[in-house]
Every structure is written in structure tokens, then in C-alpha cells.
Amino acid sequence: QGQLVESGGGLVQAGGSLRLSCAASGRTFSTYAMGWLRQATGKEREFVAAISWSGGSIDYADSAKGRFTISRDHAKDTVYLQMNSPKPEDTAVYYCAAHRSFQLSRNAYEYDDWGQGTQVTVSS
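Every chain's residues receive numbers from 1 upward, in the order its sequence appears when written. With pLDDT at 70 or above as the cut-off, local features in this predicted model cover only qualifying residues; side-chain atom pairs require 80 or more to be listed or tallied, and sums for whole chains, interfaces and linings still use all residues. In computing side-chain properties, one takes all heavy atoms of the structure into account and sets aside hydrogens as well as water.

**Student:** Just checking my understanding: could you explain empty space enclosed by the protein for this structure?
**Tutor:** Over the atoms, a rolling probe the size of a water molecule traces out where space has been left empty. Within this scheme a cavity is a closed region of a 1 Å grid, computed over the protein atoms alone, that accommodates a 1.4 Å probe without allowing it to escape, whereas a pocket is open but has protein on both sides within 12 Å along at least five of seven lines; lining residues each have an atom within 4 Å of a point. Grid points are joined across faces, edges and corners, and a volume is the space filled by probe spheres set on the points. In this structure the tally under the stated criterion is 1 cavity of 30 Å³ or more. Estimates place the volume of the largest cavity at around 50 Å³. In terms of lining residues, the largest cavity is bounded by Leu-4, Cys-22, Ala-23, Ala-24, Phe-29, Met-34, Arg-72, Asp-73, His-74, Asp-77, Thr-78 and Val-79. Counting only elements with at least two residues in the lining of the largest cavity, the list comes to strand 3 (17-25), strand 7 (68-73) and strand 8 (78-84). Put simply, Ala, Val, Leu, Ile, Met, Phe, Trp, Tyr, Cys and Pro go in the nonpolar bin, Asp, Glu, Lys and Arg in the charged bin, and everything else, Gly too, in the polar bin. Its residues assigned to classes, the lining of the largest cavity shows 7 nonpolar, 2 polar and 3 charged. Each helix is a run of H or I in the DSSP string that is no shorter than four residues. Each strand is a run of E no shorter than two, and both are numbered from the N terminus.

Below, the structure written as C-alpha cells:
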């Protein structure tokens with residue numbers, strides 16, 4: 001079946017930086033579009049960033065543009081989310097997900113495989 005395993009979450013000060021990783025385990029996800037989505041307490045899951053299988057197409061939520069960078073390393077079958085200058089409102093559980101398509105998606109319901117999530121807490 002395979003799974004996605006996130007890591008790198010934790011406590012970070014506002015204005016700092018943090019890098020999240022999402023590694024494939026048990027099977028490859030290298031031919032799928034991948035995304036990062038997040039869910040804050042009491043809120044719906046929301047889109048953060050997505051990257052195509054080739055890395056040639058990337059999409060960001062407005063809240064992430066200019067601060068976050070999504071990338072992928074096919075050799076390691078790993079997707080990253082570099083978070084620079086995080087804000088307290090970025091505090092959430094961050095999920096890595098695979099969209100079995102060549103197209104990018106901002107919709108959580110279109111993602112087929114999910115990691116377990118990693119908590120990111122940004123202190124002011």
C-alpha cells in the first residue's frame with residue numbers, strides 16, 4: 001500500500017524557519033502530484049502548496065506565497081516544505097498528501113493518500 005511519513009515539525013519562533021519533510025515508504029509516489037495542507041484547531045483543512053511530479057508546476061496558497069517553498073527530491077522520494085518567516089497563524093497540523101494525477105489540486109478531497117501529520121507551532 002505504501003505510506004507517507006512527515007517529519008520536521010515542532011516549535012518555532014515567529015520569523016524563524018522550519019523545514020518539513022515527507023518521505024514515501026513502501027511504494028513510490030514520484031509520479032504523483034504532491035501537496036501540503038494544514039489544519040488548525042477548530043478549522044477546516046486548507047491548502048498550503050502543491051508540486052507536480054516533475055517539479056515543473058508549483059502552486060501556493062496566498063498565505064504561503066513568498067514565505068514557503070515546496071520542493072521534491074525524486075532520488076529520495078521526498079517532498080519538502082521550507083517555511084521561512086512563519087507567523088503564529090501558521091500554527092497547525094501539516095499534512096503531506098499525494099494526488100494521483102499530473103494536475104495540481106487545492107482541494108483536500110482530491111488527494112488520495114495522506115501522511116499522519118506533523119504539528120507546527122509558531123510562537124510570537
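**Student:** Honestly, the pattern of salt bridges in this entry has me stumped. Any pointers?
**Tutor:** Pairs can form between side chains of opposite charge once their charged atoms are near each other. Salt bridge criterion: a side-chain nitrogen from Lys or Arg within 4 Å of a carboxyl oxygen from Asp or Glu. Enumeration according to the criterion identifies 6 salt bridges in this entry. One salt bridge in this structure joins Asp-90 and Arg-38, with 2.8 Å as the shortest N-O distance. In this pair, Asp-90 sits in the loop between strand 8 and strand 9 (92-99) while Arg-38 sits in strand 4 (residues 33-39), placing the two residues 52 residues apart along the sequence. For the pair formed by Asp-90 and Arg-38, the shared burial category is buried. The closest approach of N and O atoms between Asp-62 and Lys-65, which form a salt bridge, is 3.4 Å. Residue exposure (1.4 Å probe, protein chains only): buried if accessible area is under 20% of the type maximum, exposed if over 50%, otherwise partly exposed. The exposure class of Asp-62 is exposed, given its relative accessible area of 61%. The network of salt bridges with shared partners includes Arg-38, Glu-46, Arg-67 and Asp-90.

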